[in-house]
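# Examining the three-dimensional arrangement
The primary structure of each chain is shown beneath.
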Amino acid sequence: SIVNELDLLKGQIITTEEQISMQLDAIRNRLLFINTLLSVASLCVAIGSFVGSIFGMNLTNHIEDHPTAFTRVTVGTVVGMILAWAILSRIFQQAASTRSNWKSG
């Protein structure tokens, strides 16, 4: 009958609406994940610029007389930034996967 067909059509519309809502939620979560990784990357770059600003203050600290001080500080800063990025992104990815497993289980 017409009432049964309308109920079936209404159920299909609700199901489609829920599927679209889930797809939008997945896209939103992916954007939030990317945004957080970019924030972690900007934090690592800020740490590197902080180290550069400390050594650029023209204060005498007797490291400027050493012939390889610039290379050591530069390499140490870059390695530190890369390590910070790797550690923080790993921690964030583990936390995100643990949370998603917890919610689905």
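Residues numbered from 1 in each chain as written. Predicted model: local features only at pLDDT ≥ 70, side-chain atom pairs only at ≥ 80, totals over all residues. Heavy atoms only, no water.

### Some points on the overall build of the protein chain
When you go through the protein chain residue by residue, the secondary structure sums to 2 helices and 0 strands. Compactness check: the protein chain gives a C-alpha radius of gyration of 26 Å against a globular reference of 13 Å for 105 residues, more than 25% above the reference. C-alpha atoms of the protein chain, sized along the principal axes, occupy 95 × 25 × 15 Å. Going through the 105 residues of the protein chain one by one, you find that 8% of them count as buried. When the accessible area of the protein chain is evaluated, it comes to approximately 8,800 Å², of which 67% is carbon and sulfur surface. Where the 7 positive side-chain charges of the protein chain centre and where its 7 negative ones centre are 8 Å apart. (Helix = DSSP H or I, 4+ residues; strand = E, 2+ residues; numbered from the N terminus. Rg over C-alpha atoms; globule rule 2.2 N^0.38 Å. Buried < 20%, exposed > 50% of the residue type's maximum accessible area, 1.4 Å probe, protein only. Areas by Shrake-Rupley, 256 points an atom, 1.4 Å probe, with all protein chains shown as cover. Lys, Arg positive; Asp, Glu negative; His and termini not counted. Charge placed at Lys NZ, Arg CZ, Asp CG, Glu CD.)

### Quick look at the packing of aromatic side chains
Under the defined criterion, the tally for this structure stands at 1 aromatic pair. The interplanar angle of 25 degrees and the centroid separation of 5.1 Å between the aromatic rings of Phe 33 and Phe 92 together place this pair among those described as stacked. With Phe 33 in helix α1 (residues 2–55) and Phe 92 in helix α2 (residues 69–104), this residue pair connects regions lying 59 residues apart in the sequence. Residue Phe 33 is classed as partly exposed on the basis of its relative accessible area, which comes to 26%. A relative accessible area of 23% places Phe 92 in the partly exposed class. (Phe/Tyr/Trp six-rings, centres within 6.5 Å; stacked < 30°, edge-to-face > 60°.)

### So, the pattern of salt bridges
Counted under the stated rule, the structure contains 1 salt bridge. As a salt-bridge pair, Arg 28 and Asp 25 come within 3.3 Å of each other at their nearest N and O atoms. With a gap of 3 residues between them, Arg 28 and Asp 25 both fall in helix α1, about one helical turn apart. The partly exposed category is assigned to Asp 25, whose relative accessible area is 32%. (Salt bridge = Lys/Arg side-chain N within 4 Å of Asp/Glu carboxyl O.)

### What about α1?
The terminal C-alpha atoms of α1, which comprises 54 residues, lie 80 Å apart, in line with the 80 Å expected from a rise of 1.5 Å per residue. For α1, the full list of buried residues reads Leu 37, Val 40, Cys 44 and Gly 48. (Expected span 1.5 Å × (residues − 1).)

### What to know about a nonpolar patch on the surface
Where nonpolar side chains cluster on the molecular surface, the patch consists of Leu 43, Ile 47, Val 75, Val 79, Leu 83, Ile 87, Leu 88 and Ile 91 and spans about 670 Å² of accessible area. Looking at the nonpolar patch, the elements that each hand over two or more residues are α1 and α2. Per element, the largest residue contribution to the nonpolar patch is 6 residues, and it comes from α2. One can find Ile 91 in helix α2. (Patch = residues over 30% accessible without salt bridge, like charges linked within 9 Å, V, L, I, M, F, W, Y side chains within 5 Å.)

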